[in-house]
Amino acid sequence: LHQQGCGAPSAGAAHRRSLRSSREPGSQFQVKLDLSIQRAGSNAGPTDDELQHYVLETLPSDHHDTELCIRIVEAEEGAQLNEKYRDKTGPTNVLSFPCDVQISELKLLGDLVICAPVVAKEAEAQSKPEPAHWAHMVVHGVLHLLGYDHIGEHDALLMEAEERAILARLGFPDPYLNEKPNEGA
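Residues numbered from 1 in each chain as written. Predicted model: local features only at pLDDT ≥ 70, side-chain atom pairs only at ≥ 80, totals over all residues. Heavy atoms only, no water.

A. Fine view of the overall build of the protein chain. A tally of helices and strands in the protein chain yields 5 helices and 5 strands. Ordered by position from the N terminus, the helices and strands of the protein chain form the series β-β-α-β-α-β-β-α-α-α. A buried classification covers 43% of the 185 residues belonging to the protein chain. A fraction of 61% describes how many contacts in the protein chain between residues 6 or more apart in sequence connect residues 24 or more apart. Accessible surface computed for the protein chain: about 9900 Å², of which carbon and sulfur atoms make up 49%. (Helix = DSSP H or I, 4+ residues; strand = E, 2+ residues; numbered from the N terminus. Buried < 20%, exposed > 50% of the residue type's maximum accessible area, 1.4 Å probe, protein only. Contact = heavy atoms within 4.5 Å. Areas by Shrake-Rupley, 256 points an atom, 1.4 Å probe, with all protein chains shown as cover.)

B. Expanded view of unusual backbone geometry. With a phi angle near 55°, Asp87 is a residue other than glycine that sits in the positive phi range. Relative to the helices and strands, Asp87 resides in the loop between helix H2 (75–86) and strand E4 (94–98). On the basis of relative accessible area, Asp87 is assigned to the exposed category, the value being 70%. The phi angle at Ser127 is positive, at roughly 55°, despite the residue not being glycine. Mapped onto the elements, Ser127 comes out in the loop between helix H3 (116–125) and helix H4 (130–145).

C. Broad picture of the packing of H4 against helix H5 (residues 153–169). Close contact between H4 and H5 brings their axes to 10 Å; oriented N to C, the two are set at 130°. Between H4 and H5, the interaxial angle falls into the category oblique. Seen along the crossing, H4 lies across H5 with a hand that is right-handed. Every residue of H5 that contacts H4 at Ala135, His136, Val139, His140, Leu143 and His144 is listed here: Met159, Glu162, Glu163, Ile166 and Leu167. Among the residues making up the contact of H4 with H5, the classes are represented as 6 nonpolar, 3 polar and 2 charged. (Axes fitted to C-alpha atoms, helices over the stretch in contact; angles between N-to-C directions. Parallel < 35°, antiparallel > 145°, perpendicular 65-115°, else oblique. Left-handed = near helix turned anticlockwise from the far one by under 90°. Nonpolar A, V, L, I, M, F, W, Y, C, P; charged D, E, K, R; others polar.)

Printed below as a string of structure tokens:
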């Protein structure tokens, strides 16, 4: 799919999970999520069920039958992808590869690549619980796949407000509460 305009290249076998979920008991809202989780090198980070929960809480109600891949990588692969796709040296916390190809009624959202050592290092440096930072990186990446960005100040404020609301629903604190100005994900 990468050559057709959808996400980063796949490496290794994927762990595919499919889930139907509603946000609230008795609600009519249902999302079918086809989530592929790839762990390259370690089992760092949230469980597969936690990753699914973070993604489902981030997806808007109009994203039925959504497909997404999350690849958790080590620093070397993260650095290679960051250089190849962003022309930046070294690994970064999360890379988002939106999919611009739609096949039938399935919404191919795209791929997220999350660098486990960077997330752990950032959580420690920012004095944040690592699970909260992982949730933030997943939410942040999915919002990028949905079209959110933080390049301009107005867009950054909109994206950060959405992140805060989603993370609060997940039971995590405001990720920007103790940050200095211009210090964001």
